[in-house]
There are 2 protein chains.
Amino acid sequence: MVKARVVVTLKDGVLDPQGQATQRALHALGYGEVAEVRIGKVIELNLDTDDRQWAAARLKEMCDRLLANPVIESYRIERVEG
Amino acid sequence: MVKARVVVTLKDGVLDPQGQATQRALHALGYGEVAEVRIGKVIELNLDTDDRQWAAARLKEMCDRLLANPVIESYRIERVEG
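Quick look at the structure, then. Quick caveat: nothing in here was measured; it's all calculated off a predicted structure.

### What about the interface of chain A and chain B?
1) Next: Taken together, the contact pairs 36 residues of chain A with 36 residues of chain B.
2) Next: Across the chain A to chain B interface the summed buried area is about 3100 Å²; carbon plus sulfur atoms make up 58%.
3) Next: On the chain A side of the contact with chain B, Tyr31, Glu33 and Val42 of chain A bury the most area, a combined 20% of that side's loss.
4) Next: If you look at where chain A meets chain B, you find six salt bridges.
5) Next: Between arginine 58 of chain B and glutamate 33 of chain A there is a salt bridge; the shortest N-O distance is 2.7 Å.
6) Next: The interface formed by chain A and chain B holds 20 residue pairs in polar contact (both at pLDDT 80 or more) in total.
7) Next: Of all elements in the fold, only strand 1 (2-10), helix 1 (17-28), strand 2 (34-47), helix 2 (52-67) and strand 3 (73-81) of chain A reach the threshold of two or more residues within the side of chain A that touches chain B.
8) Next: Pairing of strand 2 of chain A with strand 2 (residues 34-47) of chain B involves 13 bridges; the strand directions are antiparallel. Of the residues in strand 2 of chain B, the one forming a bridge with arginine 38 of chain A is glutamate 44 of chain B.

Written out as structure tokens, the structure reads:
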């Protein structure tokens, strides 16, 4: 079993309304030091294989085809553990 | 400026419909090796301070009060960089 983690974030320059709303809520709670908030997704996958190299290549495909929207998002495959 | 990253994930045992839908979509695309998918949030914050220790304490408060729902979610403060 390979365990992997993919982090999908909005590209720089893409407006993040969820992050802005969170920043405003934090300010309202007294956390005025919060200068910026950006919110992304973390996708944790278990793959039914023991071949980490194959899994990494498949993960890249999954990201390109489904998990990230290349127009506005970028992704990083952060961990592939066998 | 302190840059921090918080990862918020659903607790074990909490149903993740978004993850299940993603798993089904991956299977439909031919990625039958995907045994489980769990989806969480990654929150990247810039804090207007240079005191990493103070920032870490404030971040823990923010998580407890706003960023995570302690009933169904757990959080990890993964990076606090000055």
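Having seen it, we continue.
### Re helix 1 (residues 17-28) of chain B
1) Next: For helix 1 of chain B, spanning 12 residues, the distance from its first C-alpha to its last is 16 Å, which sits close to the expected 16 Å at 1.5 Å a residue.
2) Next: By the burial criterion, the buried members of helix 1 of chain B are Gly19, Thr22, Gln23 and Leu26 of chain B. For helix 1 of chain B, the angular spread of buried residues about the axis comes to 100 degrees, placing them on one side. When the buried face of helix 1 of chain B is taken as reference, the exposed residues oriented beyond 90 degrees from it are Pro17, Arg24 and Ala28 of chain B.
3) Next: Packing partners of the buried residues in helix 1 of chain B comprise strand 2 and helix 2 of chain A together with strand 2 of chain B.

### Re helix 2 (residues 52-67) of chain B
Helical periodicity: at 3.6 residues per turn, an α-helix aligns residues three or four positions apart in one direction.
1) Next: Between its first and last C-alpha atoms helix 2 of chain B spans 19 Å; for 16 residues at 1.5 Å apiece the expected length is 22 Å, and the helix comes up short by more than 12%.
2) Next: Every buried residue belonging to helix 2 of chain B is among Ala55, Arg58, Leu59, Met62, Cys63 and Leu67 of chain B, and all of these are buried. Within helix 2 of chain B, the buried residues cover an arc of 150 degrees as seen down the axis, which keeps them to one side.
3) Next: Among the structural elements, helix 1 and strand 2 of chain A together with strand 1 (2-10), strand 2 and strand 3 (73-81) of chain B are those in contact with the buried residues of helix 2 of chain B.
4) Next: Capping the start of helix 2 of chain B, aspartate 51 of chain B holds a side-chain oxygen 3.1 Å from the backbone nitrogen of glutamine 53 of chain B, two or three residues further along.

### Some words on the relation of the copies chain A and chain B
Taken together, a rotation about one axis and a shift along it account for how the two chain copies relate.
1) Next: By a simple turn and slide, chain A fits onto chain B: the slide is 0.0 Å along the axis, the RMSD is 0.0 Å, and the turn is 180 degrees. What the rotation and shift describe, once combined, is the action of a two-fold rotation axis. Minimal C-alpha separation from the rotation axis in chain A is found for lysine 41 of chain A, amounting to 2.3 Å.
2) Next: Most of the interface of chain A is mirrored in chain B: 100% of its interface residues are interface residues there too.

### Points about the packing of helix 1 of chain A against helix 2 of chain B
1) Next: For the pair helix 1 of chain A and helix 2 of chain B, the least separation of the axes is 11 Å and the interaxial angle reads 110 degrees. What the angle tells us is that helix 1 of chain A and helix 2 of chain B run roughly perpendicular. Facing Thr22, Ala25 and Leu26 of chain A of helix 1 of chain A, the residues of helix 2 of chain B in contact are Met62, Leu66 and Leu67 of chain B.
2) Next: A breakdown of the residues in the contact of helix 1 of chain A with helix 2 of chain B according to their chemical character gives five nonpolar, one polar and no charged.

Scoring rules and cut-offs
Residues numbered from 1 in each chain as written. Chains lettered and ligands numbered in written order. Predicted model: local features only at pLDDT ≥ 70, side-chain atom pairs only at ≥ 80, totals over all residues. Heavy atoms only, no water. Contact = heavy atoms within 4.5 Å. Buried area = accessible area lost by both parts, 1.4 Å probe. Salt bridge = Lys/Arg side-chain N within 4 Å of Asp/Glu carboxyl O. Polar contact = N/O pair within 3.5 Å; in protein donor to acceptor, adjacent residues only side chain to side chain. Helix = DSSP H or I, 4+ residues; strand = E, 2+ residues; numbered from the N terminus. Pairing = 2+ DSSP bridges. Expected span 1.5 Å × (residues − 1). Buried < 20%, exposed > 50% of the residue type's maximum accessible area, 1.4 Å probe, protein only. Arc of directions from axis to C-beta. Least-squares fit on C-alpha atoms with pLDDT ≥ 70 in both. Axes fitted to C-alpha atoms, helices over the stretch in contact; angles between N-to-C directions. Parallel < 35°, antiparallel > 145°, perpendicular 65-115°, else oblique. Nonpolar A, V, L, I, M, F, W, Y, C, P; charged D, E, K, R; others polar.

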